[in-house]
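For reference, the chains in residue letters:
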Amino acid sequence: GENVEQHPSTLSVQEGDSAVIKCTYSDSASNYFPWYKQELGKRPQLIIDIRSNVGEKKDQRIAVTLNKTAKHFSLHITETQPEDSAVYFCAASTNWKIIFGKGTRLHILP
Amino acid sequence: DTEVTQTPKHLVMGMTNKKSLKCEQHMGHRAMYWYKQKAKKPPELMFVYSYEKLSINESVPSRFSPECPNSSLLNLHLHALQPEDSALYLCASRNPGVYNSPLHFGNGTRLTVT
């Protein structure tokens, strides 16, 4: 079955700096890679996603890159703000299954 | 405001109780999911229904019994649970017409088993 590894588990960055979170997946049949943000006590919310036929996607301060050959994908957040503090999960989808990485707790330092 | 509604928000039950969690969506999604999330852990897939049929059961203990009465509703029946089953139970739905579509999560039911 699919296995998704996510690093780092915790990340602290100065406000205004960039944050990068990296994930790898094991199943070459995975074809869809969403990223979710979860604030304390709330549900996971989609922030960006990428499909396997695309190498990069950007939405304002957030970008995701995908390297299918290496089976890894990354989330980039630029110009970080206090409201970016949360737990971020990457995920990989094969048909009906969506499997999550273990999460990265992002702290934005003032 | 969420398009996937879960009830109740909180549930406390004893190990001998029988209770049900409910989930409803009106987005026309034909795939619905149950995930379990423990504190500081990722959502863990339990069940997937596609077109009202159970398509994935991730070897979940039989004390959890899912049900999909129609395309808008998803239930999770609970019986003889253990304290370690205490967690946030998240329902989600997805458009199966295109596999590459995101999950829409409800706000979850926080379950405590005493």
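Everything below is about the structure shown above.
Now for a quick tour of the structure. Just so we're clear, the structure is a prediction, and the values are computed from it rather than from any experiment.

Taken together, the 20 residues of chain A in the interface contact 29 residues of chain B. In total, chain A and chain B occlude about 2,000 Å² of area from one another, counting both sides; carbon and sulfur atoms represent 59% of this. Of all residues in chain A, Arg43, Trp96 and Phe100 of chain A bury the most surface against chain B, accounting for 39% of the area lost on that side. Taken together, the connections running from chain A to chain B amount to one salt bridge. Ionic pairing is found between lysine 97 of chain A and glutamate 58 of chain B, a salt bridge with its closest N-O pair at 3.0 Å. Our count for the chain A to chain B interface comes out at nine residue pairs in polar contact (both at pLDDT 80 or more). At the level of secondary structure, the elements contributing two or more residues to the side of chain A that touches chain B comprise strand E4 (32-38), strand E5 (45-51), strand E9 (86-94) and strand E10 (97-100) of chain A. Classifying every residue of the side of chain A that touches chain B gives nine nonpolar, five polar and six charged.

The rules behind each value
Residues numbered from 1 in each chain as written. Chains lettered and ligands numbered in written order. Predicted model: local features only at pLDDT ≥ 70, side-chain atom pairs only at ≥ 80, totals over all residues. Heavy atoms only, no water. Contact = heavy atoms within 4.5 Å. Buried area = accessible area lost by both parts, 1.4 Å probe. Salt bridge = Lys/Arg side-chain N within 4 Å of Asp/Glu carboxyl O. Polar contact = N/O pair within 3.5 Å; in protein donor to acceptor, adjacent residues only side chain to side chain. Helix = DSSP H or I, 4+ residues; strand = E, 2+ residues; numbered from the N terminus. Nonpolar A, V, L, I, M, F, W, Y, C, P; charged D, E, K, R; others polar.

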